[in-house]
Amino acid sequence: MDAKSAKKKGGRVSKAEKERLQKEEEERRLKEEEEARLIAEREEQERLERERREEEERQRLELKDRERREDELNELRFILEENQNAVNTWEATCKEKAKWDRYMLCDGSPNPAVQPEINTFISLWKENPEVQIQPLLQQCALALRLTDELDLLLREEPEPSVAQVYQDTLLSLQSLIHAKHLQATEEILKWAKACSDIETGNMQTVVQDDNITLCLWANLNKNPRFKGYQFKEVGLGFELPKQLAMSDIGVRILHTHYDHLSHLSQRAQAQMRKPAREEVNEETTLAETPKVLEDEEEEVRGSAGQAEDELQSLKSERKKSAVSVHSAKEERKSSSLKERQEGEGGQTETGMEGVASSGEGADEADSTPAVVEPVIDSTEVHVVDLQQYTPLGGVFYFDVFRLPPQSHTVSGWEMRELLDTGLQVFPYPSEHSQVHSSVSGKLDENYTEFPPVGVTVALPDTVVFLEEPQVVCWDPVGQHWRTDCITETSYNAEARSISFKMESFCAFTLLQETYANMPFQSWELRPLGQDSALLTITTALAEVSITVKGNQCMLHMDGVHELAHLLGKWMSFSALQTAMRRAGVNIFVNEYSDKYVIVNAKDPLIEHAVYEQMALVSSAFAFSWSKWNAQCGQEHLVLQVCEHLEVGLVPEKAWSLYLLGAQRTQHLKMTERSSEFSPELAEGTEFHSTFLHMLRDSMSLEGRARVGHSHHLYIHTVQRLLYATRVLTFS
């Protein structure tokens with residue numbers, strides 16, 4: 001027992017030993033805490049010292065920046081003004097030369113800027129009895145060139161009185177072109193029997209030139225089993241109900257590669273956007289649009305006789321067709337108006353809702369005798385908003401006419417009944433059905449009695465449709481495009497054709513969303529040499545590249561055969577911008593763009609100044625989109641920059657980030673791949689008041705030489721390209 005007790009006692013730690021161990025542990029803990037405290041104090045002192053030095057350095061750099069700020073701003077202002085003055089001088093010289101060249105042009109065409117000349121041309125053309133299609137198309141081509149010249153004159157923003165004269169002349173020429181097309185149509189239909197097809201017994205013909213495609217079909221056989229006809233050589237076709245297949249009619253599909261209707265709707269919508277207090281004074285001008293067309297038609301009728309009776313008849317029947325469309329949609333219109341009134345308080349205007357006009361403005365329009373009251377309410381959702389949607393590929397005029405009396409041969413004599421009514425529109429649906437529908441509202445019965453007509457259209461081969469096009473019809477009374485007249489639309493993307501039904505015969509066009517390419521996913525502007533650069537913009541639907549060389553631009557897109565007439569061709573920036581919009585490739589913004597596109601809002605003054613300075617150094621520096629631009633606030637811009645003097649892509653590691661503001665520009669320490677945004681200044685760099693001087697700090701001698709020798713027209717072209725795309729905001 002004694003040995004066992006001794007063993008237990010030997011294994012137990014004594015109280016003194018335990019106290020000693022605890023004391024040693026406490027001393028070790030205190031020592032570690034003291035060491036940690038000393039390290040923390042030392043690190044804090046180092047941090048404070050580092051921050052003090054950084055603050056001193058920052059204050060030194062800010063002071064240095066303030067001291068030279070005025071000099072830098074004055075130098076930049078001088079450079080920009082010098083370039084702009086040179087551009088202004090060049091533009092003035094070009095305008096004078098263009099005026100002189102136009103004056104010396106001896107091709108027999110009038111100068112549309114000289115009123116006596118253009119008025120004489122219009123008067124003589126009205127009195128010209130020529131109705132043969134080929135000479136008439138040549139005359140129309142000349143008139144179209146004159147309208148293009150008037151468009152250019154209007155873009156120069158002349159005095160209001162001069163602009164009004166140009167606008168009136170433009171409308172007169174457009175109306176006269178339309179009247180001449182009707183005269184040619186009547187002349188061809190008069191000889192339908194002589195040109196009939198042996199197989200079908202009917203007459204079908206296609207006439208084309210660079211501006212129009214005219215398809216005519218005359219129903220001579222009156223086969224009740226006839227369903228429709230396809231003009232395969234031009235990709236146009238139609239389907240007729242049985243009532244029309246048994247009637248003496250001629251069907252016309254006139255595809256004008258230009259658009260003389262949409263600008264009427266744009267003027268009307270712009271008018272409605274004005275405040276109510278301005279509407280009374282401005283509505284008279286708006287009312288003159290249809291009145292000018294009527295006056296021109298009356299003048300042509302007085303001089304050309306039967307042809308203008310046809311034009312007036314066509315206009316009258318188109319109004320009846322609009323009434324028919326309106327009455328057929330009366331119930332749906334009432335329903336949509338009721339729903340809109342219920343949700344009027346917080347409802348946001350949709351793209352197809354068009355332009356909303358106030359009740360007060362509508363009352364004023366009703367009280368003005370000169371204004372033609374639209375059949376359809378302009379606030380209806382079916383009216384197309386031409387700020388959100390763009391008509392592409394021209395206008396298709398789909399008409400049905402009473403077939404003119406055909407000639408008969410009797411005893412060797414050719415006899416024809418002559419009518420003084422001109423070419424008459426065949427009413428479909430009939431006038432009786434229109435009145436019945438508007439009074440009783442029996443839509444289903446009339447729809448069955450007068451079924452819709454079908455149309456098949458091959459998409460124009462000079463237009464890119466990035467999405468399925470939308471078909472809309474023209475309301476000649478309301479002066480706008482509408483969506484509610486089109487049903488049963490079928491789109492074949494592979495065949496690039498679209499088929500649909502229409503309730504009546506009217507003009508129609510194809511729409512695409514104006515801002516389908518926005519916002520941009522990324523962009524890059526890189527130099528290609530002296531006075532040459534390449535801007536590449538990547539969108540969700542396409543990649544668009546524009547090469548700038550001097551004051552000329554060239555478009556590049558892969559795999560788009562529809563743009564063969566544009567790709568690889570040098571032209572001025574204005575011409576390229578217009579051509580791209582007409583071809584359906586729009587990457588350019590306007591004053592309404594931010595209402596339809598989610599943008600990365602930035603201070604417009606800062607943005608404008610950055611574009612100016614980017615253009616100045618674009619022969620030597622590359623610029624690119626940065627994801628941090630969306631996280632630096634509205635008062636700052638962030639973009640990637642790199643001096644790039646070699647031809648080819650910019651290496652990924654060569655990019656640097658720059659933070660630009662109204663007062664200061666700086667080179668950031670962070671990179672595009674950093675995990676979070678930091679405004680910390682890159683080592684060895686300074687603040688500058690301008691982007692130009694910031695880039696000069698790291699610019700090589702070769703880069704300085706390129707920038708110093710940049711031509712003012714090249715700089716101006718790059719500036720305009722950046723202003724038009726606004727890549728820093730719309731990306």
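**Some words on the pattern of salt bridges**
Part 1: In the structure shown here, the tally under the stated rule is 24 salt bridges.
Part 2: Between Lys-97 and Asp-101 there is a salt bridge, with the nearest N and O atoms lying 2.9 Å from each other. Here the residue Lys-97 and the residue Asp-101 both occupy positions in helix α2 (residues 15-104), the gap between them amounting to four residues, near one helical turn.
Part 3: The structure contains a network of salt bridges with shared partners spanning Lys-64, Arg-68, Glu-72 and Glu-686.

**Focus: the packing of helix α3 (residues 115-127) against helix α4 (residues 133-155)**
Part 1: The interhelical angle for the contact between α3 and α4, taken along N-to-C directions, is 155°, at an axis separation of 13 Å. It follows that α3 is roughly antiparallel to α4 by the angle criterion. Here α3 runs over α4; the crossing is left-handed. On α4, the residues that touch Ile-118, Phe-121 and Trp-125 of α3 are Gln-139, Cys-140, Leu-142, Ala-143 and Leu-146.
Part 2: Here the residues of the contact of α3 with α4 sort into seven nonpolar, one polar and no charged.

**What about the pairing of strand β4 (residues 236-239)?**
Part 1: With four bridges connecting them, strand β3 (residues 228-231) and β4 associate as antiparallel partners. Across the sheet, Gln-230 pairs through a bridge with Gly-237, a residue of β4.
Part 2: In this structure, the hairpin formed by β3 and β4 is closed by a connection of four residues, where Gly-235 is found at a positive phi of approximately 70°.
Part 3: When β4 meets strand β9 (residues 453-458), the two strands line up antiparallel, connected through four bridges. The residue of β9 that forms the bridge with Gly-237 is Thr-456.

**A few points about the sheet that holds strand β17 (residues 543-549)**
Part 1: The nine strands lie next to each other as β19-β18-β17-β16-β15-β20-β21-β22-β23, forming an open sheet whose pairing is antiparallel. With one partner strand each, in any of the chains shown, β19 (571-572) and β23 (665-667) form the two edges of the open sheet.
Part 2: Two elements, strand β15 (residues 522-529) and strand β20 (residues 621-624), share two bridges in a ladder whose sense is antiparallel. Directly across from Leu-525, in β20, lies its bridge partner Phe-623.
Part 3: Packed onto the sheet, helix α15 (residues 604-616) meets β15, β20, β21 (636-643) and β22 (656-661) and runs at close to 10° relative to β21.

**What to know about the confidence of the model for the protein**
Part 1: Summarising the model, the protein shows a mean pLDDT of 81, and 81% of its residues fall at 70 or more.
Part 2: Ranking the elements of the protein by mean pLDDT puts helix α11 (residues 359-367) last with 36 and helix α18 (residues 712-725) first with 97.
Part 3: Within the model, the stretch residues 275-379 combines pLDDT values under 50 with 186 contacts to residues more than four positions away or in other chains.
Part 4: Confidence drops under pLDDT 50 across residues 432-447; counting only partners more than four residues distant or on other chains, this segment forms 20 contacts.

**Topic: the packing of helix α14 (residues 573-582) against α18**
When two helices pack together, their arrangement is given by the angle between the helix axes and by the axis-to-axis distance.
Part 1: Taken N-terminus to C-terminus, the directions of α14 and α18 make an angle of 30°; their axes are 10 Å apart at the nearest point. Viewed along their axes, α14 and α18 adopt a mutual orientation that is roughly parallel. The residues of α18 that touch α14, namely those facing Phe-573, Ser-574 and Gln-577, are Thr-717, Arg-720, Leu-721 and Ala-724.
Part 2: Residues of the contact of α14 with α18, tallied by class, amount to three nonpolar, three polar and one charged.

**Digging into the nonpolar core**
Part 1: By size, the foremost hydrophobic cluster in this structure holds 65 residues, and its most contacted members are Trp-523, Met-614 and Phe-623.
Part 2: Residues contacting Trp-523, with those up to four places away along its chain left out, are Leu-535, Thr-536, Ile-537, Met-614, Phe-623, Ser-624, Trp-625, Leu-639, Val-727, Leu-728 and Ser-731.
Part 3: One finds Leu-146, Leu-176, Phe-401 and Leu-403 within the second-largest nonpolar core, a separate group that totals 49 residues.

**Things to note about α18**
Part 1: Under the 1.5 Å per step criterion, the end-to-end length of α18 is 20 Å for 14 residues, consistent within 8% with the ideal 20 Å.
Part 2: The buried fraction of α18 amounts to 11 of the 14 residues, a majority that puts the element mostly inside the structure.
Part 3: Those residues of α18 that sit buried are Leu-713, Tyr-714, Ile-715, His-716, Thr-717, Val-718, Gln-719, Leu-721, Leu-722, Ala-724 and Thr-725.
Part 4: Just beyond α18, the residue with positive phi is Arg-726, at close to 50°.

Conventions we followed
- Residues numbered from 1 in each chain as written.
- Predicted model: local features only at pLDDT ≥ 70, side-chain atom pairs only at ≥ 80, totals over all residues.
- Heavy atoms only, no water.
- Salt bridge = Lys/Arg side-chain N within 4 Å of Asp/Glu carboxyl O.
- Helix = DSSP H or I, 4+ residues; strand = E, 2+ residues; numbered from the N terminus.
- Axes fitted to C-alpha atoms, helices over the stretch in contact; angles between N-to-C directions.
- Parallel < 35°, antiparallel > 145°, perpendicular 65-115°, else oblique.
- Left-handed = near helix turned anticlockwise from the far one by under 90°.
- Contact = heavy atoms within 4.5 Å.
- Nonpolar A, V, L, I, M, F, W, Y, C, P; charged D, E, K, R; others polar.
- Pairing = 2+ DSSP bridges.
- pLDDT = per-residue confidence, 0-100.
- Core = buried A, V, L, I, M, F, W, Y, C linked by side-chain atoms within 4.5 Å.
- Buried < 20%, exposed > 50% of the residue type's maximum accessible area, 1.4 Å probe, protein only.
- Expected span 1.5 Å × (residues − 1).

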